[in-house]
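Here are the chains, one letter per residue:
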Protein chains: 2
Amino acid sequence: MEQPEAVGELDRSVSYVLKQVHAAMRTAMDETLRPLDLTVPQYACLELLGREPGLSNSELARRAFVTRQSMNVVVHRLQESGLLTRPEQAAHGRARPTELTADGRTLLRKASVAVRAVEKKLFSPLSEERQRRLREDLAAVVAG
Amino acid sequence: MEQPEAVGELDRSVSYVLKQVHAAMRTAMDETLRPLDLTVPQYACLELLGREPGLSNSELARRAFVTRQSMNVVVHRLQESGLLTRPEQAAHGRARPTELTADGRTLLRKASVAVRAVEKKLFSPLSEERQRRLREDLAAVVAG
DNA sequence: GAGCCTATGTCAAACTACTGACATGGAGCA
DNA sequence: TGCTCCATGTCAGTAGTTTGACATAGGCTC
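Residues numbered from 1 in each chain as written. Chains lettered and ligands numbered in written order. Predicted model: local features only at pLDDT ≥ 70, side-chain atom pairs only at ≥ 80, totals over all residues.

Chain A has the name DNA-binding MarR family transcriptional regulator in an unreviewed UniProt entry, where Phytomonospora endophytica is given as its organism.

What follows is about the overall build of chain A. Looking only at helices and strands, one finds six helices and two strands in chain A. Reading the secondary structure of chain A in the N-to-C direction produces α-α-α-α-β-β-α-α. At 18 Å, chain A has a C-alpha radius of gyration far larger than the 15 Å of a compact globule built from 144 residues. When its C-alpha atoms are laid out on the principal axes, chain A stretches across 60 × 35 × 35 Å. Long-range pairs, those at least 24 residues apart, make up 49% of the contacts in chain A between residues at least 6 apart in sequence. (Helix = DSSP H or I, 4+ residues; strand = E, 2+ residues; numbered from the N terminus. Rg over C-alpha atoms; globule rule 2.2 N^0.38 Å. Contact = placed C-beta atoms within 7 Å.)

Attention shifts here to the interface of chain A and chain B. Counting residues at the interface gives 38 residues for chain A, matched by 38 residues for chain B. Those elements giving two or more residues to the side of chain A that touches chain B turn out to be α1 (14–33), α5 (102–122) and α6 (128–143) of chain A.

A word on the protein's contact with DNA strand D. Taken together, the neighbourhood of DNA strand D is formed by 20 residues, with A:Ser70, B:Ser56, B:Asn57, B:Ser58 and B:Ala95 sitting nearest. Sorting the residues of the surface near DNA strand D by element identifies α4 (68–80) of chain A together with α3 (57–64) and α4 (68–80) of chain B as the ones contributing at least two each. Class assignment for the residues of the surface near DNA strand D results in four nonpolar, 11 polar and five charged. (Near = placed C-beta within 6 Å. Nonpolar A, V, L, I, M, F, W, Y, C, P; charged D, E, K, R; others polar.)

Another point: the protein's contact with DNA strand C. In the neighbourhood of DNA strand C, 19 residues make up the surrounding shell, with A:Ser56, A:Asn57, A:Ser58, B:Val66 and B:Ser70 lying closest. Mapped onto the surface near DNA strand C, the elements with two or more residues apiece are α3 (57–64) and α4 of chain A together with α4 of chain B.

On to the relation of the copies chain A and chain B, then. Laying chain A over chain B is done by rotating through 180° and shifting 0.0 Å along the axis; what remains is an RMSD of 0.1 Å. With respect to symmetry, the two chain copies, as superposed, fit the operation of a two-fold axis. Taking C-alpha positions as reference, the residue of chain A nearest the rotation axis is A:Leu134, located at 3.2 Å. Of the residues that chain A buries at the interface, 100% are likewise interface residues in chain B, meaning the two copies contact each other through the same surface. (Least-squares fit on C-alpha atoms with pLDDT ≥ 70 in both.)

This part takes up the environment of B:Ala90. The residue B:Ala90 is located in the loop between β1 (84–85) and β2 (99–100) in this model. Apart from residues lying up to four places away in sequence, B:Ala90 is in contact with B:Ala95 and B:Arg96.

Next up on the list: the environment of A:Leu126. Structurally, A:Leu126 is set in the loop between α5 and α6. You can call A:Leu126 partly exposed: it has 19 C-beta atoms within 10 Å. Those residues within four positions of A:Leu126 in sequence are excluded, and the remaining contacts are A:Gln131, A:Leu134, B:Asp137, B:Ala140 and B:Val141. (Buried ≥ 20, exposed ≤ 12 C-beta atoms within 10 Å, placed from the backbone.)

Take the UniProt feature "domain: HTH marR-type" (unreviewed entry) in chain A next. The UniProt record marks residues 11–143 of chain A with the feature "domain: HTH marR-type" (unreviewed entry), using the residue numbering of this structure. Taken end to end, residues 11–143 of chain A is 68% helix and 3% strand, and its first and last C-alpha atoms sit 25 Å apart. (UniProt positions renumbered as here; feature names shortened; annotations may be inferred.)

Now for the environment of B:Pro125. Mapping B:Pro125 onto the fold places it in the loop between α5 (102–122) and α6 (128–143). Among residues more than four places away in sequence, those in contact with B:Pro125 are A:Ala140, A:Val141, A:Ala143 and A:Gly144.

Pasting the structure below:
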């Protein structure tokens, strides 16, 4: 059981290696964000709002790859913590544009720096050029 | 809200694109395996045992990137379905080597073909050469 | 305007996965 | 032998996520 990989050719499967990297990233981000009292979905929500203020709950959910129901919980908790605000009533349709508070922006800045560091460390085995290539290749898959 | 990506430079983050691909893969695999009455973790378990029979529950958990407790549930359900077997008592330590039954191997073959097709389709925007490169790059990240 | 469709927000229930905890079996060492 | 340490298996409790369902708001066509 202590042999490296035996005959299994799991390393030949892109999916498996991708899942492996994803798991490593998730774990690293979890540990980094815990001191800031943030979960990964919460951070994702803040990051999205930082980049594009006024997103609705459903839109946030789509971009964070979770259901609106899940994102709804995240948003409510962040709102209770005073990190973001939503108007009581929607101006136009039902969608209520969400925005960061000053506290939210401050925390996001800290979290963003920490996450960027994690990302940098995780992908450090790859040169800048290969990282760019990796990003492009993955983007091509998404586009397809 | 219908503009492509606005000023957000999310596409510049490897993590985000990686998560995006991972989500797409997960969804596609889910849909593909549902007709076979398999969840992704269940399939992962079968695939691992197909490649390396006799793995213990804890070992399966590690390789599928879940806790032993979670894998325990998966294994028990697959055992109830008659897809795999575990000895009642461990021969040596506490670890009980798990193996596929004939039914398990049959189902795995079907599932494996289906999953491979999904994978092939998902990564089809990339040439064979770029897929190999992508695999190598991701593997390098894992090794680090 | 009436009717239909879509999107959003929200509630409830089910499921999944995790954390924490404990007992057991074996290896290593004094 | 006796002790410690580690890994495995398992039970219980908790948290997060999803599925399913429903009401509402607006766009669309007729």
